[in-house]
Amino acid sequence: MNKPIRKAAVIGSGIMGSGIAAHLANVGIPCLLLDVVPKQLTDEEAAKGLTLEHPAVRNRLSTAAIAKLKQTKPAPLYDEDFAERIQPGNLEDHLPQIAETDWVIEVVVENLQVKKDLLSRIERHWKPGIVVSSNTSGISIDEMASGVGAEFRKHFMGTHFFNPPRYMKLLEIIPGRDTDPDLVRRMKVICENVLGKGVVIAKDTPNFVANRIGTYGLLITLQAMVEKGYTVEEVDAVTGPALGRPKSATFRTLDLVGLDTFLHVADNVFENTADEADKAAFAAPGVLKEMVARGWLGEKSGQGFYRKVKGSGGQSEILALDLAFMDYRPQTKPASGSLEAAKLAKGAREKTKALLSGGDRYSELAWDLLKKVLVYSAAKLGEIADTVVDIDNAMKWGFGWEMGPFETWDAIGLVRSVERMEQEGAAVPHWVKEWIAHGNVSFYRSDNGTRFYVYEGKYKQVEERPEVIDLRALKERNRTVKANGGASLIDLGDGVACLEFHSPNNAIGADILSMISQSVDEVRRNYEGLVVANQGRNFCVGANLMLLLMEAQDEEWDEVDAIIKQFQQAMYKLKRLEKPVVAAPHRMTLGGGVEACMPADQVIASAETYYGLVEVGVGLIPAGGGCKEMALRASQIAAHPDADVQPYINRAFETIGMAKVSTSGHDAKKLGLLKPTDRVLANQDHLIYEAKMAVLRMAQAGYEPIREEKIRVAGAEGKAVMRLGAIGMRESGYISDHDLKIAGKLAHVLAGGDVPAGTLVSEQYLLDLEREAFLSLCGEPKTQQRMQHMLSKGKALRN
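Residues numbered from 1 in each chain as written. Predicted model: local features only at pLDDT ≥ 70, side-chain atom pairs only at ≥ 80, totals over all residues. Heavy atoms only, no water.

(A) Geometry of helix α35 (residues 781-793). For α35, built from 13 residues, the straight-helix expectation of 18 Å at 1.5 Å per residue is met to within 8% by its first-to-last C-alpha distance of 18 Å. Looking at the buried positions of α35, the neighbouring elements they touch are α25 (545-553), α26 (557-575), α33 (737-750) and α34 (763-778). One or two positions beyond α35, positive phi appears at glycine 794, with a value near 75 degrees. (Helix = DSSP H or I, 4+ residues; strand = E, 2+ residues; numbered from the N terminus. Expected span 1.5 Å × (residues − 1). Contact = heavy atoms within 4.5 Å.)

(B) Layout of the environment of alanine 202. Note that alanine 202 resides in the loop between β8 (198-201) and α10 (210-228). Along the primary structure alanine 202 and aspartate 410 are separated by 208 residues, whereas in three dimensions their C-alpha atoms are 23 Å apart. Non-local contacts of alanine 202, meaning those with residues more than four positions away in its chain, are made with Glu172, Ile173, Ile174, Pro175, Phe208, Val209 and Ile384.

(C) A negative patch on the surface, seen in detail. A cluster of like negative charges, contributed by Asp554, Glu555, Glu556, Asp558 and Glu559, occupies part of the molecular surface. Turning to its location among the elements, glutamate 559 is positioned in helix α26. (Patch = residues over 30% accessible without salt bridge, like charges linked within 9 Å, V, L, I, M, F, W, Y side chains within 5 Å. Areas by Shrake-Rupley, 256 points an atom, 1.4 Å probe, with all protein chains shown as cover. Salt bridge = Lys/Arg side-chain N within 4 Å of Asp/Glu carboxyl O. Lys, Arg positive; Asp, Glu negative; His and termini not counted. Charge placed at Lys NZ, Arg CZ, Asp CG, Glu CD.)

(D) Structural detail: the sheet that holds strand β19 (residues 581-583). Strand order in the open sheet formed by 7 strands is β15-β16-β17-β18-β19-β21-β23, with mixed pairing between adjacent strands. The open sheet terminates on both sides in strands that have one partner only, identified here as β15 (480-483) and β23 (679-681). Direction aside, neighbouring strands of the sheet carry axes that sit 20 degrees apart on average. Of the pairings in the sheet, the one linking β19 to strand β21 (residues 602-606) comprises 2 bridges and is parallel in character. Residue alanine 583 lies in a different strand from β21, and its bridge partner there is valine 603. Packed on one face of the sheet, helix α24 (residues 510-526) meets β15, β16 (487-493), β17 (496-501) and β18 (529-532) and runs near 30 degrees to β16. (Pairing = 2+ DSSP bridges. Axes fitted to C-alpha atoms, helices over the stretch in contact; angles between N-to-C directions.)

(E) Highlighting the side chain of threonine 655. Secondary-structure assignment places threonine 655 in helix α29 (residues 646-657). Non-local contacts of threonine 655, meaning those with residues more than four positions away in its chain, are made with Lys660, Leu671 and Leu673.

(F) Region of the structure containing the pattern of salt bridges. Counting across every chain of the model gives 62 salt bridges. The partner of arginine 58 in a salt bridge is glutamate 92, with the nearest N and O atoms 3.0 Å apart. With arginine 58 in helix α3 (residues 55-58) and glutamate 92 in helix α5 (residues 91-94), the pair connects residues that are 34 residues apart, well separated along the chain. Classification of glutamate 92 by relative accessible area gives exposed; the value is 54%. For aspartate 275, the salt bridge identified is with lysine 380, shortest N-O distance 3.8 Å. (Buried < 20%, exposed > 50% of the residue type's maximum accessible area, 1.4 Å probe, protein only.)

(G) Local environment of the nonpolar core. In terms of nonpolar packing, the biggest core is built from 102 residues, with Ile122, Phe251, Phe305, Trp409, Val432 and Phe443 touching the most fellow members. When residues of this core are assigned to their parent elements, the largest contribution, 11 residues, is made by helix α18 (residues 361-380). Once residues lying within four places of it in the same chain are set aside, the contact partners of isoleucine 122 are Ile11, Leu95, Ile98, Val104, Val132 and Phe152. Ranked by size, the runner-up nonpolar core spans 84 residues in total, among them Phe501, Ile508, Leu513 and Val618. (Core = buried A, V, L, I, M, F, W, Y, C linked by side-chain atoms within 4.5 Å.)

(H) Inspection of the pairing of β15 at higher detail. Here β15 runs beside β16; their pairing, made up of 3 bridges, is antiparallel. If you follow lysine 482 over to β16, its bridge partner there is leucine 489. Linkage of β15 to β16, two consecutive antiparallel strands, is achieved through a turn of 3 residues.

(I) Local environment of the packing of aromatic side chains. Considering all chains together, one arrives at 14 aromatic pairs under this definition. Ring centres of phenylalanine 406 and phenylalanine 443 lie 5.2 Å apart, and the angle between their planes is 90 degrees; on these two criteria the pair is classed as edge-to-face. Here the residue phenylalanine 406 occupies a position in helix α20 (residues 405-412), and phenylalanine 443 occupies one in the loop between α22 (430-437) and β12 (444-447), the gap between them amounting to 37 residues. Consider the rings of tryptophan 435 and tyrosine 459, whose centres lie 4.8 Å apart with planes at 75 degrees: the pair is edge-to-face. (Phe/Tyr/Trp six-rings, centres within 6.5 Å; stacked < 30°, edge-to-face > 60°.)

(J) Summary view of α29. For α29, which comprises 12 residues, the first-to-last C-alpha distance of 16 Å matches the rise-based estimate of 16 Å (1.5 Å per residue) to within 8%. For α29, the set of buried residues is Gln646, Ile649, Ala652, Phe653, Thr655 and Ile656. The elements touched by buried residues of α29 are α28 (626-637), α32 (715-731) and α33. Following α29 by one or two positions, alanine 659 has its phi on the positive side, about 50 degrees.

(K) Spotlight on the sheet that holds strand β7 (residues 170-175). Here 8 strands make up an open sheet; going across it, the order is β3-β2-β1-β4-β5-β6-β7-β8 and the pairing mixed. Each edge of the sheet is formed by a strand with only one pairing partner; in this case those strands are β3 (86-90) and β8. Put simply, the sheet's adjacent strands are angled 25 degrees from each other on average, direction ignored. Bridging between β7 and β8 involves 4 bridges; their strand directions are parallel.

(L) Highlighting a nonpolar patch on the surface. A grouping of Met546, Met550 and Leu791 is seen on the molecular surface, where their side chains present a nonpolar patch of about 260 Å² in accessible area. Turning to its location among the elements, leucine 791 is positioned in helix α35. Overall, leucine 791 belongs to the partly exposed group, its relative accessible area being 34%.

(M) Looking closely at the side chain of glutamine 568. Position of glutamine 568 relative to the elements: it lies in helix α26. Leaving out residues up to four positions away in the same chain, glutamine 568 has contacts with Ala623, Gly624, Leu767, Glu770 and Arg771.

Here is the structure:
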């Protein structure tokens, strides 16, 4: 039962099927993608003289789906080249090949009979040991498997991926009545460790967990809006970040999902539940039926609750639907004390409390919706999932909520809120009232970093897995070695420490730089090695741009010079540490964040790492060692004295000069920002553990510190080549005069200045060039304008 998944087959090459195949390819699992055989030739096929029997025609649907993966945005593939791991085929010619796979996933139309028929066909070629699963979003697993044999049923389950499969963390595994429990456990481990998913074990009930609660929440929101006269914008203002939910809130979410798709999901509960209250809650609202009848399906049809139009000035404008007149009008921005208080509050807990305590009509709407969702979630515990942890995780991972329903209930005050609910006539489930009657005031509690949750009337410890290291829990256990306002050094155990950034946006300022220096000293004395990682929303968005701009505007050049020197010295000190260092970045890792990883012996990046030296976007160049490290890598690649360093330095010039940001950890390798020896991990939750293990392996193998080496540079000739390329771009209108000036400074640094080609220079020599170029650009008015624009607008200015 511990057999790995070495090859898979996906049946159905639509958006979900091809997306699942892409993600299997992402994690290195070769995949067979099958679909039906077309019944007619396309005009293009006929023009080529092909027949319906030609393999290109018979495999057309899956071949086209694989090709489309390379054009789709956001990209389903970590790397376009991974599409080669997907083999196209069709159900008539290639279904027997499933016998050579370890996992077969059906992703065909959501129709019970179609799925039953397909499973019968699969069974004819199936061999014991092959896992078969359905990606259904709500059809009964047992009903689907009612026509296959007992041995097949042991190997059959639901695996409900959320769309898009690469990006959505949630995967619901739904065992059938006869599914082998050991197989379920094995698949949970595989989906977590290999696919990088957050797995929730769901019961075989309509819509399972996340869609059951999420759909209920969307329906009651629509009902409240119609009954109480709220506008589309008002509802979205309340049900977005103010309530700890995504910016898409309610109606942007519905537009993205598709109103017809949403109706189908709601109807699935309505048609398959015997609970009269559920039938009433999941009955399709008249307004949704009307919109679908008009073809207003959301983003895919160009209009739903919102519609994008061209304004009078040629710019796009997003209109909102006025339900009273079923027509579109310009949006209005809701404003109130409760919304403003929520906006100013920090974190989902405080935002939600601020919104609920505002005492205005938006507070009332938030309370009304939250009350119903919390009560519904509690009522469905045991029916749709076994634990509050599973329900909370499903909503966080599947719908992007920052807190699950039971975590939210704790945040707003369980006892007080239940009292109010009962006063207002809500049917709070008996088990919740009994839990409170026994003196409990929350569903979760924490004791010295160990978390417990309510389970069958008692507190049960949340499962702690060794590969998931929680820095917050370690800090609660007094494992902090050193700390200041921007960073902490935490003892991970086994002689490994972790340097954690925790400044606003994890931007690098004096606090972090000071802690890097102190951490190196501490690790040198008392530890085997160091991990550089954190568990913030993003690893690091770069240096503290506001501080730099203020000093530049005040013409405090000595201060700017001191800041850059401190940054360079901290990175150099980290690189020269005589103990192994492993950096573990995730998500946005920009500018100084990349430079903080470059001194490490190895980088273990999350697959979802968006990694780039982006300083050019604010009119600067990397000056924390980024240029120096890229020049060093070029020199190392072209290590032979007769080898030409120019092609490699040109690549670095293009990557930095165009402020390229990787679309994944794998793409960062292609850009040359990560080294071939660096690793990419699918499960972000495992990053710190894997980094710790890498440190220990290096230490146990007899670590040898990184030795300083001379860098062979492209020199004046190489600088001229780079400048010539930039001039060509300026003459073609691709870049501005200021871009050209920045490019000249960048070329000067990367080439090693005006020395002869092939000259060997020191790291400090290149660091000095970096700092000089950075300082001169800080004094440019157009650079300061770019910095100001980024801080105020959050995007780059082209001037």
